[in-house]
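Understanding the architecture of this molecule
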Amino acid sequence: MIPLVVTARMATGIAHASPWTPALDGILAAELWHETKRHNPPATPALDADDPPDIDLPLARCTPTHGPWHWAATCAWPDPVPATPEIHTWTGRVDHRALEHLATTLPKIISDRQGRYRARCMPLMVTTCRTLTWHAIGDPEAVSEILSGVRAIGKKRSQGEGVVLEWNVAPSDLDAFTAAHLYPTGRLGRPTPPGCLTTRPDLKEASALGYAGVRPPHMHPSRFHDLHLPAPITVDDR
């Protein structure tokens, strides 16, 4: 386990909803969970389990004296930082012919204007960038092997968003704290337990407490804690 800099060369950028981009541990866990489901399907989906398993990632663990542990990896830093997100739009309409094959009976009219089968036209925020960079502490060969199978990240991957052209995993001379918690700019780069920042009051003062997932699966209620959150990435960070 050594400090790493992980870089993804992007085709156009990444679509994401939260103020910060996807975390490296989430990307690695999602790829390994996909393989687990393929070869050994679980009895219960991870998000439905009372206590979902922690997939063993090739990353070091940060274990503060007080508070939950997390994987030693950050969220991604885009380069260049765009002035504003680019707004794409996705649309969806019900396939009436497919419903005829799936349902034994159908109402005379299925409205496209209201109800669960209404047509949708939704905005999608995209961070346009050439590269995304993560810091981490881990096994470079194992991390590189897992990422080699990841062709797209973020939201709406099946519609062509978040295409990754190339991954690069390189050793770094970063210190352990920086590699596990900070962006390349030196700012807080991931949702972080207060116990990790006892020696860095400057980072505590520059970040706000919020309720967020500390490790994968990030959306499970058991993973939510009061954490110091990274500030949204803005053009002033260029």
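Remember, it's a predicted structure, so these values are computed and weren't measured experimentally.

**Focus on the pattern of salt bridges**
- Per the stated rule, a full pass over the model turns up five salt bridges.
- One salt bridge connects Asp 54 with Arg 215, and the closest N-O pair in it is separated by 3.0 Å. Here Arg 215 lies in the loop between strand S10 (208–213) and strand S11 (224–229) and Asp 54 lies in the loop between helix H1 (24–39) and strand S3 (61–62), a separation of 161 residues in the sequence.
- Residue classification places Arg 215 among the buried residues on the basis of a relative accessible area of 11%.
- Notably, a salt bridge pairs Asp 112 with Arg 93, separated by 2.9 Å at the nearest N-O pair. On the criterion of sequence distance, the pair formed by Asp 112 in the loop between helix H2 (96–102) and strand S7 (120–128) and Arg 93 in the loop between strand S6 (86–92) and H2 is long-range, its members being 19 residues apart.
- With relative accessibility at 25%, the residue Asp 112 sits in the partly exposed group.
- A relative accessible area of 63% places Arg 93 in the exposed class.
- Residues joined in a network through salt bridges with shared partners are Asp 54, Arg 215 and Arg 223.

**Regarding the sheet that holds S7**
- On the basis of which strands lie adjacent, the open sheet formed by three strands has the order S2-S7-S6 and antiparallel pairing. Across the chains shown, the open sheet's two edge strands, defined by having one partner strand only, are strand S2 (13–15) and S6. Ignoring which end each strand starts from, the neighbouring axes of this sheet average 35° apart.

**Focus: the side chain of Thr 127**
- By secondary structure assignment, the location of Thr 127 is in strand S7.
- A relative accessible area of 12% means that Thr 127 is categorised as buried.
- Among the polar contacts listed, one links the side chain of Thr 127 to the side chain of His 16, at a separation of 2.8 Å.
- What Thr 127 contacts, discounting residues up to four positions off in sequence, is Thr 12, Gly 13, Ile 14, His 16, Pro 78 and Pro 82.

**Observations concerning the packing of aromatic side chains**
- Under the counting rule described, the total for this entry stands at four aromatic pairs.
- It is Arg 61 that lies over the ring of Trp 69; its NZ or CZ is 4.0 Å from the centre.
- The lysine or arginine in question, Lys 156, covers the ring of Trp 90, its NZ or CZ lying 3.8 Å from the ring centre.

Cut-offs used in this document
- Residues numbered from 1 in each chain as written.
- Predicted model: local features only at pLDDT ≥ 70, side-chain atom pairs only at ≥ 80, totals over all residues.
- Heavy atoms only, no water.
- Salt bridge = Lys/Arg side-chain N within 4 Å of Asp/Glu carboxyl O.
- Helix = DSSP H or I, 4+ residues; strand = E, 2+ residues; numbered from the N terminus.
- Buried < 20%, exposed > 50% of the residue type's maximum accessible area, 1.4 Å probe, protein only.
- Pairing = 2+ DSSP bridges.
- Axes fitted to C-alpha atoms, helices over the stretch in contact; angles between N-to-C directions.
- Polar contact = N/O pair within 3.5 Å; in protein donor to acceptor, adjacent residues only side chain to side chain.
- Contact = heavy atoms within 4.5 Å.
- Phe/Tyr/Trp six-rings, centres within 6.5 Å; stacked < 30°, edge-to-face > 60°.
- Lys NZ or Arg CZ within 6 Å of the ring centre and 35° of its normal.

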